[in-house]
Amino acid sequence: MRFLWPVLWFLLGALVAYAWISTRRRIKKLIEVPLPRIDEDDIRRIEEEGSLLTDDPEPLDLEQIGREEDEFWRETWDEPEEL
């Protein structure tokens, strides 16, 4: 009976470690942004038009986000009405 408890704790720990590792891998795969693939047609389009439009999400404009946040906090708010 003394041998059974350490084995059960070891198996429980191994199960928790496996669940943690598999969850981390799944989250990493979900948030990973793949590198853009550029082929010869894309290069030709860049040379002709000067730009290449893709379906990739645009990078965040941190300056614009900061301006909008500052503007939000500069707004005046009405005082709450007393009931």
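We now turn to the structure provided with this report. Think of each chain on its own: its residues are numbered from 1, step by step along the sequence as written. Restriction of local features to residues with pLDDT of at least 70 applies here, the model being predicted, together with a cutoff of 80 or more for giving and counting side-chain atom pairs; totals for whole chains, interfaces and linings are based on all residues. Only hydrogens and water are set aside when side-chain values are computed; all heavy atoms of the structure are taken into account.

**Focus on the overall build of the protein chain**
Link 1 in the chain: In terms of helices and strands, the protein chain carries 3 helices and 0 strands.
Link 2 in the chain: The reference for a compact globule is 2.2 Å times residues^0.38; the radius of gyration itself is calculated from the C-alpha atoms. What you see for the protein chain is a C-alpha radius of gyration of 27 Å, clearly larger than the 12 Å of a compact globule of 83 residues, by over 25%.
Link 3 in the chain: Taken over the C-alpha atoms alone, the protein chain extends approximately 75 × 70 × 20 Å along its principal axes.
Link 4 in the chain: Any residue under 20% of the maximum accessible area for its type is buried, any over 50% is exposed, and the rest in between are partly exposed; the area is computed with a 1.4 Å probe on protein chains only. Residues counted as buried form 1% of the 83 residues belonging to the protein chain.
Link 5 in the chain: Only the protein chains shown count as cover for residues, and the accessible areas themselves come from Shrake-Rupley with a 1.4 Å probe. Here the protein chain displays about 9,400 Å² of accessible surface, and carbon together with sulfur accounts for 59% of that area.
Link 6 in the chain: Averaging the coordinates of the 11 positive side-chain charges in the protein chain and doing the same for the 22 negative ones gives two points 19 Å apart. A run of H or I in DSSP becomes a helix once it reaches four residues, and a run of E becomes a strand once it reaches two; helices and strands are each numbered from the N terminus. None of His or the chain ends enter the tally, which takes Lys and Arg as positive and Asp and Glu as negative. By convention, the point assigned to a charge is CZ for Arg, NZ for Lys, CD for Glu and CG for Asp.

**Description of the pattern of salt bridges**
Link 1 in the chain: Whenever a carboxyl oxygen of Asp or Glu lies within 4 Å of a side-chain nitrogen of Lys or Arg, that contact is scored as a salt bridge. In this structure the tally under the stated criterion is 2 salt bridges.
Link 2 in the chain: Arg 44 is the partner of Asp 41 in a salt bridge, and the nearest nitrogen-oxygen pair spans 3.0 Å. One end of the pair is Asp 41 and the other is Arg 44, both in helix H2 (residues 40-49) and 3 residues apart, which spans about a single turn.
Link 3 in the chain: Among the residues examined, Asp 41 registers a relative accessible area of 43% and is labelled partly exposed.
Link 4 in the chain: The shortest N-O distance in the salt bridge between Arg 45 and Asp 42 comes to 3.4 Å. Residue Arg 45 and its partner Asp 42 are located together in helix H2, separated by 3 residues, close to a single helical turn.
Link 5 in the chain: Relative accessible area serves as the criterion here: at 35%, Arg 45 is assigned to the partly exposed category.

**Details of a nonpolar patch on the surface**
Link 1 in the chain: Together, Met 1, Phe 3, Leu 4, Trp 5, Val 7, Leu 8, Trp 9, Phe 10, Leu 11, Leu 12, Leu 15 and Val 16 line one region of the surface with nonpolar side chains, adding up to about 1,400 Å² of accessible area.
Link 2 in the chain: According to the relative accessible area criterion, Met 1 is exposed, its value standing at 73%. For patch building, the residue pool is restricted to those with more than 30% relative accessible area and no salt bridge; the joining distance is 9 Å between like charges and 5 Å between nonpolar side chains (Val, Leu, Ile, Met, Phe, Trp, Tyr).

**Things to note about a negative patch on the surface**
Link 1 in the chain: A cluster of acidic residues, Asp 61, Glu 63, Glu 68, Glu 71 and Glu 75, forms a negative patch on the protein surface.
Link 2 in the chain: As for its placement among the helices and strands, Glu 71 is situated in helix H3 (residues 62-74).

**Things to note about the side chain of Asp 42**
Link 1 in the chain: Classification of Asp 42 by relative accessible area gives buried; the value is 14%.
Link 2 in the chain: By definition in these notes, contact holds between two residues if any of their heavy atoms fall within 4.5 Å. Not counting residues up to four positions away in its chain, the partners in contact with Asp 42 are Arg 37 and Leu 52.

**Side note on the environment of Val 33**
Link 1 in the chain: Within the secondary structure, Val 33 is located in the loop between helix H1 (4-31) and H2.
Link 2 in the chain: Relative accessible area serves as the criterion here: at 59%, Val 33 is assigned to the exposed category.
Link 3 in the chain: C-alpha of Val 33 to C-alpha of Gly 50: the two residues are 17 residues apart in sequence and 24 Å apart in space.

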